[in-house]
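Each chain is listed here by its residues.
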Amino acid sequence: MDIKNAQKIVDDWINEHGVRYFNELTNMAQLTEEVGEVARIIARRYGEQSEKESDKNKDLGEELADVLFVVLCLANQTGVDLQKAFDKRMDKKAKRDHDRHHNNEKLK
């Protein structure tokens with residue numbers, strides 16, 4: 001599935017199951033909350049913090065999907081073609097960073 005299609009799927013879901021999009025500020029707060037849930041899993045599962053028993057069954061993939069859902073909502077409601085923006089960004093990164101990371105002594 002490409003990003004443009006994902007944006008349409010989210011928009012269709014909002015129109016079929018939701019009343020409307022939450023406003024942009026609410027979605028920004030929602031995004032922050034979802035990113036926090038991802039951070040909690042990463043910090044406890046892969047970082048140095050101990051993982052609480054209640055966190056052990058949390059699915060990192062599902063939490064990342066929640067982040068993606070809210071990002072797609074924000075793109076839809078602000079008129080951003082995220083596929084176009086992503087493709088442009090990847091092209092820029094490919095040109096700018098082609099050798100940058102290969103020559104970074106910190107990464108060897």
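Thresholds applied
Residues numbered from 1 in each chain as written. Predicted model: local features only at pLDDT ≥ 70, side-chain atom pairs only at ≥ 80, totals over all residues. Heavy atoms only, no water. Helix = DSSP H or I, 4+ residues; strand = E, 2+ residues; numbered from the N terminus. Rg over C-alpha atoms; globule rule 2.2 N^0.38 Å. Buried < 20%, exposed > 50% of the residue type's maximum accessible area, 1.4 Å probe, protein only. Areas by Shrake-Rupley, 256 points an atom, 1.4 Å probe, with all protein chains shown as cover. Core = buried A, V, L, I, M, F, W, Y, C linked by side-chain atoms within 4.5 Å. Contact = heavy atoms within 4.5 Å. Salt bridge = Lys/Arg side-chain N within 4 Å of Asp/Glu carboxyl O. UniProt positions renumbered as here; feature names shortened; annotations may be inferred. Phe/Tyr/Trp six-rings, centres within 6.5 Å; stacked < 30°, edge-to-face > 60°.

Caption draft 1: Spotlight on the overall build of the chain. Within the chain, the secondary structure is distributed over four helices and zero strands. Traced from its N-terminal end to its C-terminal end, the chain shows the element sequence α-α-α-α. Its C-alpha atoms give the chain a radius of gyration of 18 Å, more than 25% over the compact-globule value 13 Å for 108 residues. Summarising its shape, the C-alpha atoms of the chain cover approximately 50 × 45 × 25 Å along the three principal directions. Relative to its full complement of 108 residues, the chain shows a buried share of 21%. A total of about 8,400 Å² of accessible surface is found on the chain, and carbon and sulfur atoms cover 55% of it.

Caption draft 2: Quick peek at the nonpolar core. Core analysis: the largest hydrophobic core is formed by seven residues, namely Leu31, Val38, Ile41, Leu60, Val67, Val70 and Leu74. Elements with a contribution of two residues or more to this core: helix H2 (24-45) and helix H3 (60-78). Among the elements that make up this core, the one with the highest residue count is H3 (four residues). In this view, Leu60 contacts Val38, Ile41, Ile42, Arg45 and Tyr46; residues no more than four positions away in its chain are not counted. Listed in part, the six residues of the second largest apolar core include Ala6, Tyr21, Leu72 and Cys73.

Caption draft 3: Seen up close, the pattern of salt bridges. This model, assessed by the stated rule, comprises twelve salt bridges. The salt bridge partner of Lys56 is Glu53, with a shortest N-O separation of 3.5 Å. Note on Lys56: relative accessible area 42%, which makes it partly exposed. Here Lys95 ties to Asp91 by a salt bridge, and the two come within 3.0 Å at their closest N and O atoms. Of this pair, Lys95 and Asp91 both sit in helix H4 (residues 82-96), four residues apart, which is roughly one turn of that helix. Under the relative-accessibility criterion, Lys95 is labelled exposed at 62%. In this structure, a network of salt bridges that share partners links the residues Arg40, Arg44, Asp55 and Lys58.

Caption draft 4: Summary view of the UniProt feature "domain: NTP pyrophosphohydrolase MazG-like" (unreviewed entry) in the chain. According to UniProt, the "domain: NTP pyrophosphohydrolase MazG-like" (unreviewed entry) feature falls on residues 23-100. End-to-end, the C-alpha atoms of residues 23-100 are 39 Å apart, and along that stretch the chain is 72% helix and 0% strand.

Caption draft 5: Seen up close, the packing of aromatic side chains. Inspection of the entire model under this criterion finds one aromatic pair. With a centroid separation of 5.7 Å and an interplanar angle of 90°, the aromatic rings of Trp13 and Phe69 are classed as edge-to-face. Highlighted residues: Trp13 in helix H1 (residues 3-17) and Phe69 in helix H3, separated in sequence by 56 residues. On the basis of relative accessibility, which here comes to 42%, the residue Trp13 falls in the partly exposed class.

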